[in-house]
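So you can see what is in the structure, the chains are spelled out below.
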Amino acid sequence: MITKEQIISLAEEAMSGTDRYVVNVLIHKDNVIELFLDADSSVTIDDCVAVSDYINERLDRDVEDYALSVSSAGIDEPLIKTRQYNKYIGKDLTITDNEGVRKMYRLLSVGDGRLEVEEAEAKRYGKLTKIIYHDATTLEINNLKEVRPYIKF
């Protein structure tokens, strides 16, 4: 059986010397494997293909059949790794705490398992919406259920 640890190890080997890293691996029934990558800069399709090729060259489908999908962690996906937060400094996040309360914040800094943020409030002025930021506060990452980038359209 192919393990999550095997996939992570192979992916990390493939990305050695780059700013890319593994965010998550899901192994579903029938050995359907989903590998999600991120980077301090960006993840391209070519990056995903290179990691996929590297893993496929090192696993034997004659021994164990599998389907491998490698993609970037989507912008609409929750942030899982602390390292992901660095790309969002100065940007808005939607944060849900462990009690289920969801608010919007601007991320100021990340460190020691904490996020320094400013709570954001959307004020409507006719057809326009302006975001007002309040005093900075610190949130413990362990006390957060979900953190997602806030996507503005």
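For the structure itself, consult the block above.
Quick caveat: nothing in here was measured; it's all calculated off a predicted structure.

1. Considerations on helix H1 (residues 4-14)
Working step 1: When we look at burial in H1, the residues that qualify are Ile-7, Leu-10 and Ala-11. Considered in projection along H1, the buried side chains sweep an arc of 100 degrees and stay on one side of the axis.
Working step 2: Summarising the contacts, the buried residues of H1 are in contact with strand S1 (20-28), strand S2 (32-39) and helix H2 (45-58).

2. Describing the nonpolar core
Working step 1: One finds Ile-7, Leu-35, Leu-37, Val-51 and Ile-55 to be the most contacted residues of the largest nonpolar core, which totals 19 residues.
Working step 2: Residue assignment for this core shows that the elements contributing at least two residues are H1, S1, S2, H2 and strand S3 (67-72).
Working step 3: It is S2 that contributes the most residues to this core, four residues altogether.
Working step 4: If we skip the residues at most four places from it in the chain, Ile-7 touches Ile-2, Val-25, Ile-33, Leu-35, Ile-55 and Leu-59.
Working step 5: Residues Leu-79, Leu-93, Leu-139 and Leu-144 belong to the second largest nonpolar core, which totals 13 residues.

3. Topic: the sheet that holds S2
Working step 1: Read from one edge to the other, the open sheet built from three strands follows the order S1-S2-S3, with strand pairing classed as mixed. Strands with a single pairing partner mark the edges of an open sheet, and in this sheet they are S1 and S3. Between one strand axis and the next, the sheet turns by 20 degrees as a mean value, whatever way the strands run.
Working step 2: The pairing of S1 with S2 spans eight bridges and is classified as antiparallel. Within the sheet, the bridge partner assigned to Ile-27 lies in S2 and is Ile-33.

4. Things to note about the pattern of salt bridges
Note on pairing: side chains with opposite charge can pair once their charged atoms come close.
Working step 1: With the rule as written, the count across this model stands at 10 salt bridges.
Working step 2: Here Arg-61 ties to Asp-65 by a salt bridge, and the two come within 4.0 Å at their closest N and O atoms.
Working step 3: Judged by relative accessible area, Arg-61 falls into the partly exposed class, the value being 38%.
Working step 4: According to the relative accessible area criterion, Asp-65 is exposed, its value standing at 56%.
Working step 5: Measuring nitrogen to oxygen at the nearest pair gives 2.9 Å for the salt bridge that ties Arg-148 to Glu-146.
Working step 6: Using a relative accessible area of 28% as the deciding quantity, one classes Arg-148 as partly exposed.

5. Overview of unusual backbone geometry
Working step 1: Here Asn-31, not a glycine, exhibits a phi torsion of approximately 55 degrees, which is positive.
Working step 2: Here Asn-31 is to be found in the loop between S1 and S2.
Working step 3: Judged by relative accessible area, Asn-31 falls into the buried class, the value being 12%.
Working step 4: Non-glycine residue Asp-112 carries a positive phi angle of around 50 degrees.
Working step 5: Relative to the elements of secondary structure, Asp-112 occurs in the loop between strand S5 (102-111) and strand S6 (114-125).

What counts, and at which threshold
Residues numbered from 1 in each chain as written. Predicted model: local features only at pLDDT ≥ 70, side-chain atom pairs only at ≥ 80, totals over all residues. Heavy atoms only, no water. Buried < 20%, exposed > 50% of the residue type's maximum accessible area, 1.4 Å probe, protein only. Helix = DSSP H or I, 4+ residues; strand = E, 2+ residues; numbered from the N terminus. Arc of directions from axis to C-beta. Contact = heavy atoms within 4.5 Å. Core = buried A, V, L, I, M, F, W, Y, C linked by side-chain atoms within 4.5 Å. Pairing = 2+ DSSP bridges. Axes fitted to C-alpha atoms, helices over the stretch in contact; angles between N-to-C directions. Salt bridge = Lys/Arg side-chain N within 4 Å of Asp/Glu carboxyl O.

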